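Chain by chain, the residues:
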Amino acid sequence: MSTLMSAVNGWTLPAVPAGAALHPYDLRCEHLATPQGIATRAPRLSWRLASDRRGDAQAAYRITVRAGGAPAWDSGWIDGEDTSACYGGAPLASFARYTWQVQVRSADGGTAAAESWFGTGVLHPDEWAAAWIGHDPETLPPFEPPADDREPRSVRTGSLPAPRYFRRVVDLSPVTAVRVACTARGLYELRVNGHRVGDGELTPGWTDYRYRVPYQVYDVTDLIGDGPACVGAVLADGWWSGSLGWDGRQQAQRYGRRPELLVQLVADHADGSRTVVGTDGSWRESTGPLRYADLLMGEWYDARLEQPGWDLPGFDDSSWAPARVVDTRHDVLVPAAAEPVRVTEDLVPVETRRDGDGRTIVDLGQNIAGRVRLTLRGAPAGTRVTLRHGETLDDGGGLYTANLRSAEATDHYVAAGRPEETFEPRFTVHGFRYVEVTGHADVDLVGRAMHSDTPVAGEFSCSDDMVRRLTSNIRWSQRGNFVSVPTDCPQRDERLGWTADAQVFLRTACYNADVAAFFTGWLADLRCAQTAEGAVPDVVPHVMTERHGAPGWGDAATVVPWHLYRVYGDERILRDSLPSMRRWVDHVERHNPGLIWRDRVGSHYGDWLQAGVRTSRDVMATAYFALSAGLTARAASVLGHADVAERYAGLRARIGEAFAGEFVSADGRVSGDTQTGYLLALAHGLVPDELVPAAVGHLVADLERRGRRLTTGFAGVGLLGPVLSAYGHHDLAYDLLHDDRYPSWGYSIKRGATTIWERWDGWTEENGFGPVAMNSFNHYALGSVGEWLYSGVAGIGQEEDSVGYRRPLVRPLPGGRLRWAAAAYDTPLGRLSSRWEISGGELTLEVRVPPGALATVHVPTTDPSSVRESGAPLAAAGIDVIESTEAASVCRVGSGRYTFTASWGR
Ligand code: BGC
């Protein structure tokens, strides 16, 4: 039944296209590779650069855009190093394809070019012609679940309605091109002439449907021949009307009661005319083999009920009912901003075990978000195969599902009786490593990992197995939780866009993947949901809970746009967010005129899931208040609003004074004396300069007192590495990294973790499993140590005031048990990488700097006079040394590859 039979690639950093001279590659439009539904009038076009030559930079660029062969824009040659520009040509037309080329010129006059394309969606709202259609409960009897004891719980309670199948035959021929815009309030799978359209999963994705319903655009020219063509769609509940969070279906139905579909086909003819066909009352609908589909509960597919050919023109649909037009408004439609969810990797089981009770337990060896593709052989018609999913096993070797709470995460397949059949659910997603199969023994399966297909942007590796496993666990938790929105967890009845989880993990996330488009869409939902007062909801998209305004959670409103701007250099992110940043800070200030954030204007979770301590909530809140005020000032200044910048910089300074006065004692202690308290105060510059050494001393003393063990929760954990190494204590940071006692990352790894656990005590020797009410084994927040692996251990980052990695900072930290470490990262300019290795008293540091960047490279050494580049003393090698200390030679280098060597006598 699935057309997705091919294996997919996995998640690795692509190679940079080779070429000695300066050349552009990896072209993007609105941060996306070849997007189809662009609907901004001046989309941002960007490219990366590669060159093997040292000190290379782009001297000028020229963009040309063509539509169907006709020129639409020629920027002319523009001097400078910018690697992005907004389209400035003739007004774009809707549903058209634009090819674009960028030519770059280097200082020596050489040129090179690369090409890409983008397609447009609906640029003028009055071009929408399609209506929203849905199931008319009057015309077909409601789905009656068969009375059978073995029916799944959700079916017995009658709570899950059957997905609907829609179809319509059109004759558009002869055509030169056909595009289709499609969306659902719910989830859709679109089909044309028997073929599935696109490779997106869970489309259209989850946004704040009250304000924004994303649509996708597809080019279906190749699927529509001459003569009648059938357009079909399967429509399921998804986030719109299915189970959402812990509220079950009733509350969740606040979006809508039943799913709705909208499809608009636009056919171009040779004479330049266009035919538009949209969903309306002439479409027909029916139930089908899919008896229910729910994101949390799972899916039930009865292959005996298949209607072969239902998505082909010749099918007899006289028994189908007319669809009902349920709405004709288009004001909430927006083009999908980000990459869709896709299946990105197939996992072959590492172990399959059958027990005496006819259960097959399959271990994928990796905790993922996704589903399985099941193949069964020789099952008589009517055989029900049940698939249950779990993240781990209980002590008896059975599936452990207590931590899923009310999420059933169970799929059922009823066999048609063919010699071999395959089943792959399509409108559900589970968080799991293990699958229990009952009902038939002759089965095979593969795990299919699904997530928002954000392009891989970085890679970290090193000589230590456990740290490599940690890196992998962080990446898998990112993959498992970036499913349309950044969620807390993929398995239990929650899966919400908790704002703190997202903001603390953002720095790590940006290193692993290009999340510019992903977070741009999420920020739009954050802004929509901000209250009139300026409070930011604790979950975005805002659903279920009325909670908002929590310190560290609401601050996602400032942290996320600012960090995205710094990484991707797209000022529009700040422009769109500055009003929201200001409103958030003003809201906190209004409630806390004394500038110590004490007033619980909303929820307060403190340093969530810290280990055995209680960080002062006022310290944490006020530190975030200072951070947010400071970031708002910086954003205003970037955008040229000097007066606004001054107001928030002043506020930031006053919060700083208040913080120091209230929380920092004369001996440098920060109230509460906890690691997170010190980390926040030091990281955000809230300790008066003269007391910094003492505060660092107290932080170190706390770690020492605990036998070099951490106590940090969500708010503090990502700051451990950066703060400790900034103050010269990277030995301590390494000890925490390598630790495998409770609480540590290593402790979970010793227990076999393949993703980051929600809590340090997800499982302990003393107590076994942690509290079932909240014990996810796939939660990325505590994985925010990933940032330090890239920026500290391997040492790739950018200077504090650099934007878009124009001025990279390469400052590796050899240490701990590591013999070598390496990281590569695709900055907006091109690839930046570092690899160090220690062997035989010598350190080798290989660095790659992208064209146009001017990097500061710290070459660590015990003897600065020993530093060489490609075997030559630095001066002879033409390397600019800007500083020499006892521990490093600091050089300034332009693009190219460098191999430094230095004595390493420690
Ligand atoms: C979520 C967290 C979230 C927290 C807020 C939990 O249920 O899983 O990750 O940030 O609630 O308290």
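Each chain has its residues counted from 1, following the order in which its sequence is written. A pLDDT threshold of at least 70 governs which residues receive local features in this predicted model, and a stricter bar of 80 or more applies before side-chain atom pairs are shown or counted, although totals over entire chains, interfaces and linings include all residues. Remark: hydrogens and water are excluded; side-chain values derive from all non-hydrogen atoms of the structure.

A. Structural detail: the sheet that holds strand E42 (residues 831-839). When DSSP finds two or more bridges between two strands, those strands count as paired. Numbering of helices and strands starts at the N terminus; helices are DSSP runs of H or I of at least 4 residues and strands are runs of E of at least 2. Across the sheet, which stays open at both edges, the 7 strands sit in the order E34-E41-E42-E43-E49-E45-E46 with antiparallel pairing between neighbours. Each end of this open sheet is capped by a strand with a single partner; those strands are strand E34 (458-462) and strand E46 (872-873).

B. Main features of the nonpolar core. By convention a nonpolar core is built from buried Ala, Val, Leu, Ile, Met, Phe, Trp, Tyr and Cys residues, the set being connected through side-chain atoms within 4.5 Å. A simple rule labels every residue: compare its accessible area, found with a 1.4 Å probe on the protein chains alone, to the largest value its type can have, and call it buried under 20%, exposed over 50%, or partly exposed in between. Judged by nonpolar contacts, the single largest core of 214 residues is most densely connected at Phe460, Phe519 and Phe900. Counting residues per element, this core draws most heavily on helix H9 (residues 617-638), which supplies 13 residues. We call two residues in contact whenever any of their non-hydrogen atoms come within 4.5 Å of each other. Phenylalanine 460 has contacts with Val467, Thr471, Leu789, Tyr790, Val793, Ala794, Ala821, Ala822 and Ala823, leaving out every residue within four places of it along the chain. Residues Ala184, Tyr218, Trp283 and Ala323 belong to the second largest nonpolar core, which totals 26 residues.

C. Up close: the sheet that holds strand E21 (residues 321-322). Strand order in this open sheet of 6 strands is E13-E12-E15-E10-E18-E21, and the pairing throughout is antiparallel. On the outer flanks of this sheet lie strand E13 (195-196) and E21, each paired with one strand and no other. The pairing of strand E18 (residues 284-286) with E21 spans 2 bridges and is antiparallel. When the bridges of E21 are listed, arginine 284 appears paired with proline 322.

D. Representation of unusual backbone geometry. Cis geometry is adopted by the peptide bond preceding proline 204, which originates at threonine 203 and carries an omega value of 10°. Relative to the helices and strands, proline 204 is located in the loop between E13 and strand E14 (213-219). Valine 540 connects to proline 541 through a cis peptide bond whose omega is 0°. Along the polypeptide, proline 541 turns up in the loop between helix H6 (516-529) and helix H7 (556-568). Despite not being glycine, aspartate 26 shows a phi value in the positive range, around 55°. Along the chain, the position of aspartate 26 falls in strand E1 (residues 23-29).

E. Highlighting the packing of aromatic side chains. Between the rings of Phe, Tyr and Trp (Trp by its six-membered ring), a pair exists once the centres lie within 6.5 Å; its type follows the angle of the planes, with under 30 degrees stacked, over 60 edge-to-face, and the other angles tilted. A complete count under the given rule lists 40 aromatic pairs for this structure. Seen in terms of ring centroids, tyrosine 400 and phenylalanine 769 are 3.8 Å apart; in terms of plane orientation they differ by 15°. Their pairing is stacked. Here phenylalanine 769 lies in strand E38 (residues 768-769) and tyrosine 400 lies in strand E29 (residues 399-400), a separation of 369 residues in the sequence. The class of tyrosine 400 is buried, set by a relative accessible area of 9%. A ring has a charge above it when a Lys NZ or an Arg CZ is no more than 6 Å from the ring centre and no more than 35 degrees off the ring normal. The cationic tip of arginine 97 hangs over the ring face of tryptophan 117; the distance from NZ or CZ to the ring centre is 3.9 Å.

F. Broad picture of empty space enclosed by the protein. Detection works on a 1 Å grid of protein atoms alone, calling trapped sets that fit a 1.4 Å probe cavities and calling open sets with protein on both sides within 12 Å along at least five of seven lines pockets, with lining residues defined by an atom within 4 Å of a point. Grid points are joined across faces, edges and corners, and a volume is the space filled by probe spheres set on the points. With the rule as written, the count across this model stands at 9 cavities of 30 Å³ or more. Of the pockets and cavities examined, the largest cavity occupies roughly 150 Å³. Lining the largest cavity are 17 residues; nearest its centre among them are Trp239, Val429, Val483, Thr487 and Arg495. By residue class, the composition of the lining of the largest cavity is 11 nonpolar, 4 polar and 2 charged. For this scheme, ten residues count as nonpolar: Ala, Val, Leu, Ile, Met, Phe, Trp, Tyr, Cys and Pro. Four count as charged, namely Asp, Glu, Lys and Arg, and the remainder, Gly too, count as polar.

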